[in-house]
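Spelled out, the chains give:
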Amino acid sequence: MTAENNGLDALMAAITDEPLTDEAREDRAFLAEHRSAVADVALLREQLGLIGDALSEPPAAAKPAPVRPSRVRRRARTFAFGTLAVTAVAAVVTGFGWLIAQGGDGAMSSGDSDAGASKADSGVLFGSPRYLACARTVAEGEVTHVETLPDAELLKVTVQVTRYFKPDTGKDELTYVIGRYEVTRIEKGDRVLFGVRKDSTVPDHWAVGEKEVARDRAWVTASLPESRELTCE
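Residues numbered from 1 in each chain as written. Predicted model: local features only at pLDDT ≥ 70, side-chain atom pairs only at ≥ 80, totals over all residues. Heavy atoms only, no water.

Next up on the list: the overall build of the chain. A tally of regular secondary structure across the chain gives seven helices and seven strands. Listing each helix as α and each strand as β along the chain from the N terminus yields β-β-α-α-α-α-α-α-β-β-β-β-β-α. Across the 233 residues in the chain, those meeting the buried criterion constitute 36%. Long-range pairs, those at least 24 residues apart, make up 61% of the contacts in the chain between residues at least 6 apart in sequence. (Helix = DSSP H or I, 4+ residues; strand = E, 2+ residues; numbered from the N terminus. Buried < 20%, exposed > 50% of the residue type's maximum accessible area, 1.4 Å probe, protein only. Contact = heavy atoms within 4.5 Å.)

And the structure:
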């Protein structure tokens, strides 16, 4: 079972990219579950893309050999490759099936499925090509300073940037003032990856910790080439 907030399921919100309510953003447990679900969905989508690319590539031409391999041996190699490919695809599809199954007690209706596909196609999920096309800054680094501001509802976070995904380069250090509930937990020394949209001056997404950063990094890296061919709409 995944965390819920007034009927809003964290996993299904991640799959369909459903906007979070203000109340949901204040629920730390829900935000943590939602962030983990977003990372899992991104990783599965990345794996599907890699498998698709691998299956679309023509097999390398075999070098001439003085002795022709037997038909049995060739068939064995073909069968082995096909089995591995099918197994890999099945594993990823099973992963998506598990995510959807965990999102609720029953199967998705056709209306829910269409809505989810529509939102997925819109590409607004963090790390997707369309998100990157409309991003002002996407970067990775280490938190060097976290300060709770006087009203206790805002945090001042400073990050030593180690890698820019968009733009290619930028300042060595970035500082943002964010709502304290926009990220579940963030401390000095944390590894982070974050994104800022073109119409904003503060991040709308934070990945905190080595595991979440690694997942988001893989998703962002895989989406960058396509994002460069898109215009922000």
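For the rest of this paragraph, the subject is the nonpolar core. Val157, Ile186, Val192, Phe194 and Trp206 are the most contacted members of the largest nonpolar core, which totals 17 residues. Residue assignment for this core shows that the elements contributing at least two residues are strand 3 (135-148), strand 4 (154-166), strand 5 (173-179), strand 6 (191-197) and strand 7 (205-208). Of the residues forming this core, the biggest block, five residues, is contributed by strand 4. Ignoring sequence-local partners within four residues, the contact set of Val157 consists of Val143, His145, Leu174, Thr175, Tyr176, Ile178, Ile186 and Trp206. Ranked by size, the runner-up nonpolar core spans eleven residues in total, among them Phe126, Tyr131, Phe165 and Leu224. (Core = buried A, V, L, I, M, F, W, Y, C linked by side-chain atoms within 4.5 Å.)

The next thing to look at is helix 7 (residues 210-227). Here helix 7 spans 25 Å end to end across 18 residues, near enough to the 26 Å set by a 1.5 Å rise per residue. Considered for burial, the residues of helix 7 that qualify are Glu212, Val213, Arg215, Asp216, Trp219, Val220, Ser223, Leu224 and Ser227. (Expected span 1.5 Å × (residues − 1).)

A word on the packing of aromatic side chains. This structure, assessed with the given rule, holds four aromatic pairs. Centre to centre, the rings of Phe126 and Tyr131 are 4.9 Å apart; their planes meet at 70°, and the pair counts as edge-to-face. Judged by relative accessible area, Phe126 falls into the buried class, the value being 6%. Tyr131 gets classed as buried once you look at its relative accessible area, which sits at 1%. For the ring pair Phe194 and Trp206, a centre distance of 5.1 Å and an interplane angle of 35° mean the geometry is tilted. Note that Phe194 is positioned in strand 6 and Trp206 in strand 7, a separation of twelve residues in sequence. Comparing Phe194 with Trp206 shows no difference in burial state: the two are buried. Each member of the aromatic cluster is reached from another via a ring pair, and the members are Tyr176, Phe194 and Trp206. (Phe/Tyr/Trp six-rings, centres within 6.5 Å; stacked < 30°, edge-to-face > 60°.)

It is worth spelling out the pairing of strand 6 at this point. A large share of strand 6 lies buried, amounting to six of its seven residues. In this sheet, strand 7 lies alongside strand 6 in antiparallel orientation, the contact comprising four bridges. Across the sheet, the residue bridging to Gly195 is His205, located in strand 7. (Pairing = 2+ DSSP bridges.)

Before going further, it helps to examine the confidence of the model for the chain. Overall, the prediction assigns the chain a mean pLDDT of 74, with 61% of residues at 70 or greater. Summarising per-element confidence for the chain, the mean pLDDT is lowest in helix 5 (residues 110-122) (39) and highest in strand 6 (97). Per-residue pLDDT stays below 50 along residues 69-94; that stretch engages in eleven contacts with residues further than four places along the chain or on separate chains. Taken as a whole, residues 96-123 scores under 50 in pLDDT and shows 33 contacts with residues more than four places along the chain or in a different chain. (pLDDT = per-residue confidence, 0-100.)

This next bit is on the pairing of strand 3. Bridge analysis of strand 3 against strand 6 gives seven bridges, and the strand direction is antiparallel. By the bridge assignment, Ala139 is partnered in strand 6 with Phe194. Across ten bridges, the pairing between strand 3 and strand 4 is antiparallel. Residue pairing across strands places Ala139 opposite Tyr164, the latter belonging to strand 4. Here strand 3 folds back onto strand 4, and the loop between the two strands holds five residues, one of which, Ala152, carries a positive phi near 65°.

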